[in-house]
Each structure stands twice: as C-alpha cells, then as structure tokens.
Amino acid sequence: RAVIGEALPGLPDDTPLYPDLDALTDALTHGAPLPEQTILHLPPTTNDPVEATHHLTTHTLHTLQHWLTTPHYTHSHLTILTTHATTPTPDLAHAAIWGLTRSAQTEHPDRITLLDTDTHPIPHLPHTTTLTTHPQLAWHNNTLTTPHLTPTQPTGASTQPTDTSTQPAGFDPDGTVLITGGTGTLGALLARHLVTHHHVKHLHLTSRRGPHAPGATQLHHDLTTHGATVTITATDTTNPHTLKTLLTTLTHQTPHPLTAIIHTAGTLNDALLHHQTPHHLTHTLTPKADTAYHLHHLTTQLQTPLTHFILYSSAAGHLGNTGQANYAAANTFLDALATHRHTHHQPATSLAWGLWHTTSDMTQHLDEDAIARLGRSGLVPMSEEEGLALFD
Ligand SMILES: NC(=O)c1ccc[n+]([C@@H]2O[C@H](COP(=O)([O-])OP(=O)(O)OC[C@H]3O[C@@H](n4cnc5c(N)ncnc54)[C@H](OP(=O)(O)O)[C@@H]3O)[C@@H](O)[C@H]2O)c1
C-alpha cells in the first residue's frame, strides 16, 4: 500500500507516503515498486465550504485524470478516503467528492473505491480485497457498511402520483416564496403549481435573464391572473453581494417577508472525466452549490424566518452519470447542505430528481439514444404531473 495526501496513522511504518500522485508517479519511474493499493487521503476541510469545495474537487479531478490515464496504474487500485462525506454532520467539500467520484466510477468501473469515515484519522483500513470489491464503503460508528439503492414499486412510482391531499406542504399564505431559476423550465412549472395548488400569493422569481427570459412575460401574466403578486428580477445568484441585497430586502419586506426558498438555478457543462477542466467544475458548481451555500449562510445571518428551504438536486449525484462528474459533485453538495441544516434544526429538503419528460435548456441536448440509455440505467423520464406530485 501507499498513501498520497495526508499521513494515515495505523498503517505499517514503512508504508510510503507521497504528497500527491505526481510524486508517486515520479517515484515509480525511478524504480519504486507499484503499490497494489493506493489511498488518496483527503484531510477534513476547515476553510470556507465553498472555497474548500472548489479546491478539493479540482485537486481530486486532477488526481483521478492522472490515475486513469497513466499506464503504471492500470493494474493498481485507488481508494479515496474522505471524512464525514455521508454523515449527519457532513463536510460539504467531501460530500462533493462523492458525486464527482461516482461519475468517475461509472466511466471507469472497478478502478476506484470511495471510503468515508466519521473518525479522523480512520482507526484501521478495510482489507485490500474489501476495498477492491466494493465501489463505496463507509466506516461509521465503528461499522463498515456499503450503500445499496432499493428499487421502489414501479407501478406506484411511475403511474400513480402521490396523494397530495394528505401531505400539505404548508406554505405561509402571507409569506413570499423565492424561486431561483424561477423563469427556467422546472422553476416556472413550480411557480404555477405553487399558485394553483398551494395557495401561494407572493412570489419572487429570479434568474440571470429575469424578465427577459423566454416565456417570462406570459408567466407573469398567468400568475397574476390567478391572483398572485409576482416580481421577476434579473439576478446572478452566484454573486454573494447581489444575493445579499436581494435577501435583505425580501427578509425585511412587510407585510410579506420571505418565508420559503426554492433553489432551482443550475447549469450543465457535460464532458467525460478526461475532458473535464477546472472550468467545467466552476461552471456547474457556482450556480448550484455556491448559490445554495450563500442562500443558507445569508438567511441564517439575517435570521430569515424560513419554513422551507428546498433544493433542486439530481439523482446524477447518487448514480454518478457518465459525463456529469462536475454536475454530480454540485448535487451531492446540495444534498449534504440539506443534511447540515437538519443538524442545525433548520428546515431543508433536497430533491434528487430523476429526468423530467419536459425538455429544458438543461436537458435539450439529450437525443432519443441518450434518453434510451438513461432508461436502461433505470431513469425513466417522469411527467410534469408525476414530478409535481412528488414535489408535494
Ligand atoms: N430537467 C430535469 O430533468 C432535471 C433533472 C434533475 C434535476 N434537475 C434540476 O432542476 C433544476 C432546474 O432545471 P431545468 O431543467 O428547469 O433547467 P433550466 O430550464 O435550464 O432552468 C435553469 C434556470 O437556472 C437559471 N440560472 C442558471 N444560472 C443562474 C445564475 N447564475 N443565477 C441565476 N439563475 C441562474 C436559468 O436562467 P438564466 O439562464 O436566465 O440565468 C434558468 O432559469 C436544475 O437545478 C437541475 O439541475 C432538472
């Protein structure tokens, strides 16, 4: 075995330690023996979660690309050791590494294992055979576990929307609901649904194009016709200063203060892992993950009386879709942020959506073959009715 990154106590004293994969590769070219198992040990992050996430995903992307393209490692196995990526007290940057790596695993099966621990450093490593045969493992509460997805009943999930009458979402009729990406496909659909089915009367929709987004004028007209007060603004939510101004105004707005946030803003920049660059990461992380964290952090600071903090995440984070390592990272960040808020007794729901049938800017690139491929992996597109019922 060899360790790259931070030292790992508990391993034999002669276990080689390298600061990074470049150093191990360098040692191999100078005759060092190829380790059967290499552990990339990522230290827990202590700095700003957004900064840490950009830094750690870039570093891990570089390591994965190097590992997967260097012939030395073809017959070796890499374990990425994270801390609190999947626990109730998540390290958000480590959570993003799980999404990123799941996509790498889908593209390159049997080469990489994810191992999460809730004890830093991990008291002892699982046996090499365990590490090489399970793509995902967790050492939590002194127990080694491996995750499994459990299929739902196909008839219930795909053809019978949930009975919404038994599950009122309880939006405050006097409060304002902010939807980021509110002029996008799913955001606009939700805005209509909130007004027609949840008696929401005050909406603030925002996106970069805002009132100039396609369909925004009609959307405004339709919502106001149903009796709602609607404001559509052009805001780039990745800018924390602009977001702060918006959230401060909405929080102190009387008599309809901000009581619910639904964060749907997002962008795609798909590419196979080998072709991903730090730019791909920034492009998808910033509108989704950075915005989500700023929304969380700023409303906590402002003590905004939120009843709902809902994040539009994606199953891509859990399934590790091919070509979506950057997107998967952004979505597991969102899921972990919801968990983090629960731990601090703050409302949060992260909805890890499968594919919606309605074509959006984000999904219009999917042709019939791509949709068929997703279907074979279990992701059958859902109708608007099914999706909105699941939202309820
Ligand atoms: N559609 C699906 O099948 C599906 C499946 C799983 C998850 N999701 C998630 O659902 C959400 C909505 O997806 P969609 O399909 O409705 O996509 P969409 O139609 O492209 O909507 C995305 C919205 O985000 C806005 N946006 C992007 N960057 C922004 C920024 N920096 N600041 C403010 N607004 C920004 C876009 O408007 P501007 O370009 O004007 O800013 C647009 O209104 C996304 O988070 C996506 O990941 C969708």
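Please read these numbers as outputs of a predicted model, since none were measured by experiment.

Criteria and cut-off values
Residues numbered from 1 in each chain as written. Predicted model: local features only at pLDDT ≥ 70, side-chain atom pairs only at ≥ 80, totals over all residues. Heavy atoms only, no water. Axes fitted to C-alpha atoms, helices over the stretch in contact; angles between N-to-C directions. Helix = DSSP H or I, 4+ residues; strand = E, 2+ residues; numbered from the N terminus. Parallel < 35°, antiparallel > 145°, perpendicular 65-115°, else oblique. Contact = heavy atoms within 4.5 Å. Nonpolar A, V, L, I, M, F, W, Y, C, P; charged D, E, K, R; others polar. Core = buried A, V, L, I, M, F, W, Y, C linked by side-chain atoms within 4.5 Å. Buried < 20%, exposed > 50% of the residue type's maximum accessible area, 1.4 Å probe, protein only. Domains from an automatic or database assignment. Phe/Tyr/Trp six-rings, centres within 6.5 Å; stacked < 30°, edge-to-face > 60°. Lys NZ or Arg CZ within 6 Å of the ring centre and 35° of its normal. Salt bridge = Lys/Arg side-chain N within 4 Å of Asp/Glu carboxyl O. Polar contact = N/O pair within 3.5 Å; in protein donor to acceptor, adjacent residues only side chain to side chain. Near = heavy atom within 4 Å. Pairing = 2+ DSSP bridges. Right-handed = clockwise from strand over helix to strand, strands pointing away.

Where helix 6 (residues 185-197) contacts helix 7 (residues 216-225), the two axes come as close as 10 Å, and the packing angle between them is 10°. In terms of orientation, helix 6 and helix 7 fall into the roughly parallel class. Across the interface between the two elements, Ala188, Ala191, Arg192 and Val195 of helix 6 pack against Leu219, Asp222 and Leu223 of helix 7. When its residues are assigned to classes, the contact of helix 6 with helix 7 shows five nonpolar, no polar and two charged.

Attention now moves to the nonpolar core. Counting residues in hydrophobic clusters, the biggest one holds 58 residues, and the most contacted among them are Leu64, Ile80, Leu178, Leu247, Ile261 and Phe309. Two domains each provide a minimum of three residues to this core, namely domain 1 (2-145) and domain 2 (172-391). Those residues in contact with Ile261 that lie beyond four places of it in its chain are Leu178, Leu247, Leu295, Thr299, Leu306, His308, Phe309 and Ile310. Ranked by size, the runner-up nonpolar core spans 29 residues in total, among them Leu189, Val200, Leu223 and Ala260.

The next point concerns unusual backbone geometry. Along the chain, His120 connects to Pro121 via a cis peptide bond; the corresponding omega equals 0°. Relative to the assigned elements, Pro121 resides in the loop between strand 5 (112-117) and helix 4 (128-133). Geometrically, the link from Thr254 to Pro255 is a cis peptide bond, its omega value of 5° lying close to zero. Position of Pro255 among the secondary structure elements: in the loop between helix 8 (240-251) and strand 11 (258-263). Notably, His84 is not glycine yet its phi reads approximately 55°, a positive angle. Positive phi, close to 55°, is recorded for Gln303, a residue that is not glycine. By secondary structure assignment, the location of Gln303 is in the loop between helix 9 (278-302) and strand 12 (308-314). Overall, the relative accessible area of 68% leaves Gln303 in the exposed class.

Here we come to the packing of aromatic side chains. Inspection of every chain in the model, using the stated rule, returns three aromatic pairs. Measuring from ring centre to ring centre gives 4.3 Å for Trp67 and Tyr73, while their planes differ by 15°; the resulting arrangement is stacked. Neither residue differs from the other here; Trp67 and Tyr73 are each classed as buried. Relative to Trp356, the ring of Trp353 has its centre 4.9 Å away and its plane inclined at 70°; by these criteria the two rings are edge-to-face. Grouping residues by exposure puts Trp353 and Trp356 together as buried. A connected cluster of aromatic rings, assembled from ring pairs, spans Tyr312, Trp353 and Trp356. For Arg341, the ring lying beneath its charged end belongs to Phe309, and the centroid distance is 3.9 Å.

Another point: the domain arrangement of the protein chain. On domain assignment, one finds that the protein chain holds domain 1 (2-145) and domain 2 (172-391). Taking the mean C-alpha position of each, domain 1 and domain 2 sit 31 Å from one another. The interface is formed by 28 residues belonging to domain 1 together with 34 residues belonging to domain 2. Along the contact surface separating domain 1 from domain 2 lie zero salt bridges. Linking domain 1 with domain 2 are 12 residue pairs in polar contact (both at pLDDT 80 or more). Elements with a minimum of two residues in the side of domain 1 that touches domain 2: helix 2 (49-69) and helix 3 (92-107).

To continue, consider the site of the ligand. Surveying the vicinity of the ligand reveals 30 residues, the closest of which are Leu186, Arg208, Lys288, Tyr327 and Ser360. Taking Arg209, its side chain carries an N or O atom lying 2.8 Å from an oxygen atom of the ligand. Elements with a minimum of two residues in the shell around the ligand: helix 6, helix 9 and strand 12.

In this section: the environment of Thr307. Locating Thr307 in the fold gives a position in the loop between helix 9 and strand 12. A residue is classified by how much of its surface remains accessible, and Thr307, at 41% relative accessible area, is partly exposed. Here the alpha-carbon distance between Thr307 and Gly170, two residues 137 residues apart in the chain, equals 8.4 Å.

The buried count for strand 11 comes to six of six residues, which makes it a mostly enclosed element. With five bridges connecting them, strand 8 (residues 176-180) and strand 11 associate as parallel partners. The residue of strand 11 that forms the bridge with Thr176 is Leu258. In terms of strand pairing, strand 11 meets strand 12 through four bridges, oriented parallel. Within the sheet, the bridge partner assigned to Ala260 lies in strand 12 and is His308. In this fold, the crossover linking strand 11 to strand 12 by way of helix 9 has right-handed handedness.

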